[in-house]
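# Architecture and fold: a report
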Amino acid sequence: MGAKETISQLIENHPVLLFMKGEPGMPQCGFSARVVQILDFLKVKYHTFDVLSDEEVRQGIKEYSNWPTIPQLYVGKQFVGGCDIVQEQFETGELEKTLESYKS
């Protein structure tokens, strides 16, 4: 299975999915850490994929979303954005509304 198929399957199978560097308990970059903090603060049930564990997915997700940076958040199979967009939506309350049905 290629990177695109792997990415599609992950997005299909996980309602809230964060492609990040590292794991939630040990993020490997500040931007990934910030998005994890926001999702944890909102008490959202989410799944993560460590792009550092798979170079094909790491590059492939950038092409898949047409977004050049990691982390990338998907909710309900839709691309939300990277750290800056997630942060902005969090500050305006828009992210909480988007994630309302995914709270644990």
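See the structure shown above.
Residues numbered from 1 in each chain as written. Predicted model: local features only at pLDDT ≥ 70, side-chain atom pairs only at ≥ 80, totals over all residues. Heavy atoms only, no water.

## Some details on the side chain of Thr48
Secondary-structure assignment places Thr48 in strand E4 (residues 47–50). For Thr48, a relative accessible area of 15% gives the class buried. Other than its neighbours up to four places away in sequence, Thr48 contacts Leu17, Leu18, Met20, Glu23 and Pro24. (Helix = DSSP H or I, 4+ residues; strand = E, 2+ residues; numbered from the N terminus. Buried < 20%, exposed > 50% of the residue type's maximum accessible area, 1.4 Å probe, protein only. Contact = heavy atoms within 4.5 Å.)

## A short note on the nonpolar core
In terms of nonpolar packing, the biggest core is built from 16 residues, with Leu18, Leu73, Val86, Leu95 and Leu99 touching the most fellow members. Among the elements of the structure, strand E1 (16–20), helix H2 (30–41), strand E5 (72–75), helix H4 (83–92) and helix H5 (94–99) are those that each provide at least two residues to this core. For this core, the element with the highest residue contribution is H2, accounting for four residues. Dropping the residues within four chain positions of it, Leu18 is found in contact with Val35, Val36, Leu39, His47, Thr48, Phe49, Pro71, Gln72 and Leu73. Residues Leu10, Ile11, Phe49 and Ile70 belong to the second largest nonpolar core, which totals 11 residues. (Core = buried A, V, L, I, M, F, W, Y, C linked by side-chain atoms within 4.5 Å.)

## Quick word on the pattern of salt bridges
Considering all chains together, one arrives at two salt bridges under this definition. Between Lys77 and Glu12 there is a salt bridge whose closest N-O contact spans 3.1 Å. Of this pair, Lys77 sits in the loop between E5 and strand E6 (78–81) while Glu12 sits in helix H1 (residues 3–13), placing them 65 residues apart in sequence. For the salt bridge of Arg58 with Glu55, the shortest nitrogen-to-oxygen distance reads 3.9 Å. Of this pair, Arg58 and Glu55 both sit in helix H3 (residues 55–65), separated by three residues, roughly a single helical turn. Judged by its relative accessible area of 23%, Arg58 falls in the partly exposed class. (Salt bridge = Lys/Arg side-chain N within 4 Å of Asp/Glu carboxyl O.)

## Considering H1
Residues of H1 that are buried: Ala3, Thr6, Ile7, Leu10 and Ile11. Projected onto a plane normal to the axis of H1, the buried residues spread over an arc of 130° and lie on a single side. Residues of H1 that are exposed and angled more than 90 degrees away from the buried face: Lys4 and Asn13. Contact partners of the buried residues in H1: E1, E4, H3 and E5. (Arc of directions from axis to C-beta.)

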